[in-house]
Amino acid sequence: GESVGLHLPTLSVQEGDNSIINCAYSNSASDYFIWYKQESGKGPQFIIDIRSNMDKRQGQRVTVLLNKTVKHLSLQIAATQPGDSAVYFCAEKDGGTYKYIFGTGTRLKVLA
Amino acid sequence: DTAVSQTPKYLVTQMGNDKSIKCEQNLGHDTMYWYKQDSKKFLKIMFSYNNKELIINETVPNRFSPKSPDKAHLNLHINSLELGDSAVYFCASSMGQGAPLYEQYFGPGTRLTVT
């Protein structure tokens, strides 16, 4: 069935290093992908998105890569900071509907 | 100032009771959503409304009934609460459904505990 999953449930990164959070999806009809950051006690917050007709998009310190061949999505955070500590979700939107399917989440821990 | 607000933030109630969670957005968005986040942080969409019209209705028990009095509000009413309903419920909104209007803004969540 349709699923969006993450390879690493917890990722620990040294402050200043780059972080890479991965996501696998199975619905080839998905046409839009979003990365969200959720801090403790708060709602998910939009970080960056990418459409299926792109393979890379850059924001401030973040880059999203999309590999449709292997149905893989990644979020790269440059120079990881303590404030980046949170749970990160990928989400996909089914091209035929307005439904968003969220992945299981990866907890990013930034070590001082 | 809050873009998407929910009340209450915490809700503790007993099994069998009926409760409501309210959501309001002041962003002028057309589309609103309800999500459920379980104890393992898994987020699952429950409902979505566009201009007060129900457009997504996932496999949710009919004890859950969303109501949208206007496009700025989407409330969630839950009848006969069960232990398994304990979760954090998030409301979200987006400008619309067509590209590039997909970005969703989430509220702070309502932690529901059923005892």
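Every value quoted in this text rests on a predicted model; they were computed, and no experiment measured them.

A. Region of interest: the overall build of chain A. Along chain A, the regular secondary structure elements total 0 helices and 11 strands. Mapped from its N terminus to its C terminus, chain A presents α and β elements in the order β-β-β-β-β-β-β-β-β-β-β. Radius of gyration (C-alpha) of chain A: 13 Å, near the 13 Å computed for a compact globule of 112 residues. The C-alpha extent of chain A, read off along each of the three principal axes, is 45 × 25 × 20 Å. Of all 112 residues assigned to chain A, the portion counted as buried reaches 44%. Here the contacts in chain A between residues at least 6 apart in sequence split such that 54% fall between residues at least 24 apart. Summed over its atoms, the accessible surface of chain A is roughly 5300 Å², and 46% of this surface lies on carbon and sulfur atoms. Both charge centroids of chain A, one from 12 positive and one from 10 negative side chains, sit 1 Å from each other.

B. Representation of the packing of aromatic side chains in the model. Throughout the structure, instances matching the rule amount to 12 aromatic pairs over all chains. Ring centres of Tyr36 of chain A and Phe46 of chain A lie 6.5 Å apart, and the angle between their planes is 85°; this geometry places the pair in the edge-to-face category. In this pair, Tyr36 of chain A sits in strand β4 (residues 30-38) while Phe46 of chain A sits in strand β5 (residues 45-51), placing the two residues 10 residues apart along the sequence. Overall, the relative accessible area of 0% leaves Tyr36 of chain A in the buried class. Plain terms: the ring middles of Phe89 of chain A and Phe102 of chain A are 6.3 Å apart, the flat faces sit at 75° to each other, and that makes the pair edge-to-face. Placement of the pair is Phe89 of chain A in strand β9 (residues 86-94) and Phe102 of chain A in strand β10 (residues 100-102), with a sequence separation of 13 residues. Each member of the pair, Phe89 of chain A as well as Phe102 of chain A, is classed as buried. Taken together through their ring pairs, the aromatic side chains of Tyr36, Phe46, Phe89, Tyr100 and Phe102 of chain A together with Tyr33, Tyr35, Phe90 and Phe106 of chain B make up a single cluster.

C. The arrangement of the pattern of salt bridges in detail. Applying the stated rule across the entire model yields 9 salt bridges over all chains. For Lys93 of chain A, the salt bridge goes to Asp31 of chain A, with nearest N and O atoms at 3.4 Å. Here Lys93 of chain A, found in strand β9, pairs with Asp31 of chain A, found in strand β4; they are 62 residues apart in sequence, far enough to count as distant. Its salt-bridge partner being Arg63 of chain B, residue Glu82 of chain B comes within 3.5 Å of it at the nearest N-O pair. One end of the pair, Glu82 of chain B, is in the loop between β8 (73-78) and β9 (87-94); the other, Arg63 of chain B, is in the loop between β6 (53-57) and β7 (64-70), and 19 residues separate them in sequence.

D. Focus on the state of the cysteines. Under the counting rule described, the total for this entry stands at 2 disulfides over all chains. A disulfide bridge connects Cys23 of chain A with Cys90 of chain A, and the sulfur atoms are separated by 1.8 Å. A torsion of 50° about the S-S bond marks the disulfide between Cys23 of chain A and Cys90 of chain A as right-handed. With Cys23 of chain A in strand β3 (residues 19-25) and Cys90 of chain A in strand β9, this pair connects stretches of sequence that are 67 residues apart. A single burial state applies to Cys23 of chain A and to Cys90 of chain A, both of which are buried. Across the disulfide, Cys23 of chain B is cross-linked to Cys91 of chain B (sulfur-sulfur distance 1.9 Å). Between Cys23 of chain B and Cys91 of chain B, the disulfide has an S-S torsion of -75° and is therefore left-handed. Here Cys23 of chain B is found in strand β3 (residues 19-25), whereas its partner Cys91 of chain B is found in strand β9, with 68 residues between them in sequence. Judged by its relative accessible area of 0%, Cys91 of chain B falls in the buried class.

E. Molecular detail of the sheet that holds β3 of chain B. Residue and element names in this part refer to chain B. As summarised here, the arrangement of the 4 strands in space is β1-β3-β8-β7, forming an open sheet in which the pairing is antiparallel. Both edges of this open sheet fall to β1 (4-7) and β7, since each of them pairs with a single strand only. When strand polarity is set aside, the average angle formed by the axes of neighbouring strands in this sheet is 20°. For β1 and β3, the ladder comprises 4 bridges, and the chain directions are antiparallel. The partner of Gln6 across the bridge, within β3, is Cys23.

How each quantity is defined
- Residues numbered from 1 in each chain as written.
- Chains lettered and ligands numbered in written order.
- Predicted model: local features only at pLDDT ≥ 70, side-chain atom pairs only at ≥ 80, totals over all residues.
- Heavy atoms only, no water.
- Helix = DSSP H or I, 4+ residues; strand = E, 2+ residues; numbered from the N terminus.
- Rg over C-alpha atoms; globule rule 2.2 N^0.38 Å.
- Buried < 20%, exposed > 50% of the residue type's maximum accessible area, 1.4 Å probe, protein only.
- Contact = heavy atoms within 4.5 Å.
- Areas by Shrake-Rupley, 256 points an atom, 1.4 Å probe, with all protein chains shown as cover.
- Lys, Arg positive; Asp, Glu negative; His and termini not counted.
- Charge placed at Lys NZ, Arg CZ, Asp CG, Glu CD.
- Phe/Tyr/Trp six-rings, centres within 6.5 Å; stacked < 30°, edge-to-face > 60°.
- Salt bridge = Lys/Arg side-chain N within 4 Å of Asp/Glu carboxyl O.
- Disulfide = S-S within 2.5 Å.
- Pairing = 2+ DSSP bridges.
- Axes fitted to C-alpha atoms, helices over the stretch in contact; angles between N-to-C directions.

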